Amino acid sequence: MGAAAMAEPSYRKLLGIAVILLLIVLWAAFVASFARIVGGWPILVQAPFYLAMGLVWIIPLKPLVRWIQTGSFRTISGPQD
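From a predicted model like this one, the values you see are computed outputs, not experimental measurements.

A. Just the packing of helix α1 (residues 11-32) against helix α4 (residues 61-70), in detail. Relative to each other, α1 and α4 sit at 165°, their axes nearing to 8 Å. As summarised for this structure, α1 and α4 are arranged roughly antiparallel, according to the angle between their axes. Seen from above, α1 lies across α4 with left-handed handedness. Across the interface between the two elements, Arg12, Lys13, Leu15, Gly16, Ile17, Val19, Ile20 and Leu23 of α1 pack against Leu61, Leu64, Trp67, Ile68, Gln69 and Thr70 of α4. Across the contact of α1 with α4, the residue classes break down as nine nonpolar, three polar and two charged.

B. Region of interest: α1. If you check α1, its first and last C-alpha atoms are 31 Å apart, about what 22 residues at 1.5 Å a residue would give, namely 32 Å. Buried residues belonging to α1 abut α2 (35-38), α3 (43-56) and α4.

C. Representation of the side chain of glutamine 46. For glutamine 46, the position within the fold is in helix α3. Look at glutamine 46 and you get buried, because its relative accessible area is 15%. Within polar-contact distance, the side chain of glutamine 46 engages the backbone oxygen of valine 38 at 3.3 Å. At a separation of 2.8 Å, a polar atom in the side chain of glutamine 46 contacts the main-chain carbonyl oxygen of tryptophan 41.

D. Looking closely at the environment of phenylalanine 49. Considering the arrangement of structural elements, one finds phenylalanine 49 in helix α3. Residues phenylalanine 49 and valine 38 lie eleven residues apart in sequence; the distance between their C-alpha atoms is 8.3 Å.

E. Region of interest: the environment of leucine 23. Relative to the helices and strands, leucine 23 resides in helix α1. Excluding residues within four positions of it along the chain, leucine 23 makes contact with Trp57, Pro60 and Leu61.

F. Examining a nonpolar patch on the surface more closely. A surface patch of nonpolar side chains, about 430 Å² in accessible area, is lined by Phe30, Phe34, Ile37, Trp41 and Val45. Mapped onto the elements, tryptophan 41 comes out in the loop between α2 and α3. Here tryptophan 41 falls in the partly exposed class, since its relative accessible area comes to 32%.

Calculation notes
Residues numbered from 1 in each chain as written. Predicted model: local features only at pLDDT ≥ 70, side-chain atom pairs only at ≥ 80, totals over all residues. Heavy atoms only, no water. Axes fitted to C-alpha atoms, helices over the stretch in contact; angles between N-to-C directions. Helix = DSSP H or I, 4+ residues; strand = E, 2+ residues; numbered from the N terminus. Parallel < 35°, antiparallel > 145°, perpendicular 65-115°, else oblique. Left-handed = near helix turned anticlockwise from the far one by under 90°. Contact = heavy atoms within 4.5 Å. Nonpolar A, V, L, I, M, F, W, Y, C, P; charged D, E, K, R; others polar. Expected span 1.5 Å × (residues − 1). Buried < 20%, exposed > 50% of the residue type's maximum accessible area, 1.4 Å probe, protein only. Polar contact = N/O pair within 3.5 Å; in protein donor to acceptor, adjacent residues only side chain to side chain. Patch = residues over 30% accessible without salt bridge, like charges linked within 9 Å, V, L, I, M, F, W, Y side chains within 5 Å. Areas by Shrake-Rupley, 256 points an atom, 1.4 Å probe, with all protein chains shown as cover. Salt bridge = Lys/Arg side-chain N within 4 Å of Asp/Glu carboxyl O.

Printed below as a string of C-alpha cells:
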C-alpha cells in the first residue's frame with residue numbers, strides 16, 4: 001500500500017458523504033409525504049411512481065461526486081480542436 005492510499009480523507013469527502021446522506025433522508029421524507037395520495041392509486045400506477053422516485057434522487061449525485069473528487073462541480077474541458 002502506497003502513502004496515497006493511507007492518506008486521511010479530505011474535508012470534501014467527509015462533507016460530500018454527509019450531503020449524500022442528508023439528500024437521501026430529505027428525499028425519503030419528501031416521497032413519504034405523498035403516501036396518503038399515492039396509496040389510493042392502483043398498484044400498477046404506484047409501482048412506476050415509486051420506481052421513478054427511487055431513481056430521481058440520483059440526478060444531483062453526479063455533480064456532487066465530481067466535486068468530491070475534483071473540487072469543481074463542472075467538467076473541466078480540454079482545448080477545443
